[in-house]
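Chains, contacts and geometry: an overview
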Amino acid sequence: MRTAEQNASSLALYLGKTGVLRCEYLSIDVTVADAKRSYGRTLLLVRPVSGTGEQWVEEGRVRWISEEEDR
């Protein structure tokens, strides 16, 4: 498998995942709609589970639901 295909398949694993995005004093449940790499960073296009809008954020800002359940 070529590197571009590896990148695309690894980014595809984010699509549809649900997590929690921390914004100042709020935690918002979000779903990943798209993912990309830019300047060595993984960026995720997230949409709130309840509400409207979308935003590109760095992958490290999202805490995955399964991570919280493990604790």
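A quick note: this is a predicted structure, and the numbers were derived from the prediction, not measured. (Residues numbered from 1 in each chain as written. Predicted model: local features only at pLDDT ≥ 70, side-chain atom pairs only at ≥ 80, totals over all residues. Heavy atoms only, no water.)

1. Side note on the environment of valine 30
Its place among the elements puts valine 30 in strand E2 (residues 26-38). Between the alpha carbons of valine 30 and tryptophan 64 there is a distance of 9.5 Å; along the sequence they are 34 residues apart. (Helix = DSSP H or I, 4+ residues; strand = E, 2+ residues; numbered from the N terminus.)

2. Looking at the packing of aromatic side chains
The relation between two aromatic rings is expressed through the spacing of the ring centres and the mutual angle of the planes. This model, assessed by the stated rule, comprises 1 aromatic pair. Here the aromatic rings of tyrosine 14 and tryptophan 64 are separated by 5.9 Å at their centres, their planes lie at 35 degrees, and the arrangement is tilted. With a gap of 50 residues between them, tyrosine 14 in the loop between helix H1 (3-12) and strand E1 (18-23) and tryptophan 64 in strand E5 (residues 62-64) connect regions that are remote in the sequence. Assigned by exposure class, tyrosine 14 and tryptophan 64 land together as buried. Looking at lysine 17, its charged tip hangs above the ring of tryptophan 64, at a distance of 4.2 Å from the centre. (Phe/Tyr/Trp six-rings, centres within 6.5 Å; stacked < 30°, edge-to-face > 60°. Buried < 20%, exposed > 50% of the residue type's maximum accessible area, 1.4 Å probe, protein only. Lys NZ or Arg CZ within 6 Å of the ring centre and 35° of its normal.)

3. Some words on the side chain of threonine 42
Residue placement: threonine 42 occurs in strand E3 (residues 41-48). Judged by relative accessible area, which is 14%, threonine 42 ranks as buried. Separated by 2.5 Å, the side chains of threonine 42 and arginine 37 make a polar contact. (Polar contact = N/O pair within 3.5 Å; in protein donor to acceptor, adjacent residues only side chain to side chain.)

4. As for the sheet that holds E3
Strand order in the open sheet made by the 5 strands is E4-E3-E2-E1-E5, with antiparallel pairing throughout. At either end of the open sheet lies a strand with only one pairing partner, and these are strand E4 (55-58) and E5. Strand-to-strand twist of the sheet, defined as the mean angle between neighbouring strand axes without regard to direction, takes the value 50 degrees. Relative to E5, E1 runs antiparallel, the two sharing 3 bridges. Directly across from leucine 21, in E5, lies its bridge partner valine 62. (Pairing = 2+ DSSP bridges. Axes fitted to C-alpha atoms, helices over the stretch in contact; angles between N-to-C directions.)

5. Remarks on the pattern of salt bridges
Throughout the structure, instances matching the rule amount to 2 salt bridges. A salt bridge links arginine 41 to glutamate 58; the shortest N-O distance between them is 3.0 Å. One end of the pair, arginine 41, is in strand E3; the other, glutamate 58, is in strand E4, and 17 residues separate them in sequence. Accessibility expressed as a relative area gives 34% for arginine 41, which makes it partly exposed. One salt bridge connects arginine 47 with glutamate 54, and the closest N-O pair in it is separated by 2.7 Å. (Salt bridge = Lys/Arg side-chain N within 4 Å of Asp/Glu carboxyl O.)

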